[in-house]
Amino acid sequence: MTQISSGSTPASTPKPRRPRPQVMRLTDAAAQRITELTQRADSEIVGLRVGVKNGGCAGQSYTVEYAHDIRPTDEVVEDKGVKILVDPKAVLFLLGTEMDYKADKMQAQFVFNNPNQVSACGCGESVELRPAKIDG
C-alpha cells in the first residue's frame, strides 16, 4: 500500500498564551486601608469591588463597594495580601491603574492613578476615561 502525502505540515503545538497583565495594582496605603475595612465590616467580605459608572459632569466615576462574593465574570486582582474584584465592564478603563489611599485633615479617600484618564471635573468626583490600548 502506498501512502500519499497531503503536502501539509504536521499540526504544530499551539503557542503558549501570553500572561494576562494585572488590571490594577495597589499602594501599601491602599492595601492597608482595604485590610482595615475588611476586618471592620459587619458581615464577611472577600474584598472590594471596583468599577466605573456613567455619570457626573465629566462623564464617568469610579465605584468602590464591599464584595461579599466573587462573581464568575469578576477580574480578581490579588496584590499585597488583599483582593480587588474588578467589574468586567470596567477592565479596559482600569488597565494599568494604581489604587492609592490618601488621608488629610479634610478628607480620606481612595485615589485612582489611571493612565487611561483623559480629564476630571473640577470637584474631582467624576472623570473622563478612554479604553486602554492593547498591543498584540
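Throughout, a residue's number is its position along its own chain's written sequence, starting from 1. It should be noted that, the model being predicted, local features are given only for residues of pLDDT at least 70 and side-chain atom pairs only at 80 or more, the latter also being counted only at that level, while totals for whole chains, interfaces and linings use all residues. Side-chain metrics in this entry use all non-hydrogen atoms of the structure; hydrogen atoms and water are not considered.

- For the protein chain, the name recorded in an unreviewed UniProt entry is Iron-sulfur cluster assembly protein, with Bradyrhizobium yuanmingense as its organism.
- Reading the Sequence similarities (unreviewed entry) entry of the UniProt record for the protein chain gives the comment "Belongs to the HesB/IscA family." UniProt positions are given in the numbering used here, feature names are shortened, and annotations may be inferred rather than shown by experiment.

## Some thoughts on helix 1 (residues 28-40)
- For helices the rule is a DSSP run of H or I covering at least 4 residues; for strands it is a run of E covering at least 2, with both sets numbered from the N terminus onward. Multiplying one less than the number of residues by 1.5 Å gives the expected span of a helix. For helix 1, with 13 residues, the first-to-last C-alpha span of 18 Å sits near the 18 Å given by 1.5 Å per residue.
- Summary of the burial criterion: residues with accessible area below 20% of their type's maximum are buried, those above 50% are exposed, and those between are partly exposed, where the area comes from a 1.4 Å probe applied to protein chains only. All buried positions along helix 1 are accounted for by Ala 30, Ala 31, Arg 33, Ile 34 and Leu 37. End-on view of helix 1: buried residues confined to an arc of 165°, all on one side of the axis. Opposite its buried face, helix 1 presents the exposed residues Asp 28, Gln 39 and Arg 40, each directed more than 90 degrees away.
- Close packing links the buried residues of helix 1 with strand 1 (24-26), strand 2 (47-54), strand 3 (60-67), strand 5 (82-86), strand 6 (97-103) and strand 7 (108-113). Arc definition: it is the arc formed by the directions from the helix axis to the C-beta atoms. Contacts: residue pairs with any heavy atoms within 4.5 Å of one another.

## Digging into the pairing of strand 4 (residues 75-79)
- Where burial is concerned, the two faces of strand 4 differ: the one with Glu 75, Val 77 and Asp 79 is buried and the one with Val 76 and Glu 78 is not.
- Two strands pair if DSSP finds at least two bridges between them. Bridge count between strand 4 and strand 5: 5 bridges; the pairing is antiparallel. Paired with Glu 75 across the bridge in strand 5 is Val 86.
- Following strand 4, the chain reverses through 2 residues before pairing antiparallel with strand 5; Lys 80 in that reversal takes a positive phi of roughly 55°.

## Focus: the pairing of strand 5
- Within strand 5, 4 of the 5 residues are buried, which leaves the element mostly enclosed by the surrounding structure.
- The pairing of strand 2 with strand 5 spans 3 bridges and is classified as parallel. Looking across to strand 5, one finds that Val 50 is bridged to Val 86.

## Considerations on the sheet that holds strand 7
- Taken in spatial order, the 3 strands make up an open sheet running 1-6-7, and their pairing is mixed. Looking at the sheet topology across the chains shown, the edges are occupied by strand 1 and strand 7. Within this sheet the neighbouring strands show an average axis-to-axis angle of 30°, counted without direction.
- In this structure, strand 6 lies alongside strand 7, joined through 6 bridges in antiparallel fashion. Opposite Met 99, over in strand 7, you have Phe 112 as the bridge partner.
- Helix 1 contacts strand 1, strand 6 and strand 7 of the sheet and is inclined by roughly 70° relative to strand 6. Comment: axis = line fitted to C-alpha atoms, over the contacting stretch for helices; angle = value between 0 and 180 degrees taken between N-to-C directions.

## Let's talk about the side chain of Asp 74
- Its place among the elements puts Asp 74 in the loop between strand 3 and strand 4.
- We classify Asp 74 as buried; its relative accessible area is 10%.
- Side-chain polar atoms of Asp 74 contact the side chain of Arg 49, separated by 2.7 Å.
- Think of a polar contact as two N or O atoms within 3.5 Å of one another; within protein, one of them needs to be a possible hydrogen donor and the other a possible acceptor, and neighboring residues in sequence only count if both atoms come from side chains. A polar side-chain atom of Asp 74 sits 2.9 Å from the main-chain amide nitrogen of Arg 71.
- In this structure Asp 74 touches Arg 49, Asp 69, Leu 85, Val 86 and Pro 88, once residues within four positions along its chain are discounted.

## Structural notes on unusual backbone geometry
- Although it is not a glycine, Lys 80 adopts a positive phi angle of roughly 55°.
- Position of Lys 80 among the secondary structure elements: in the loop between strand 4 and strand 5.
- A relative accessible area of 44% places Lys 80 in the partly exposed class.

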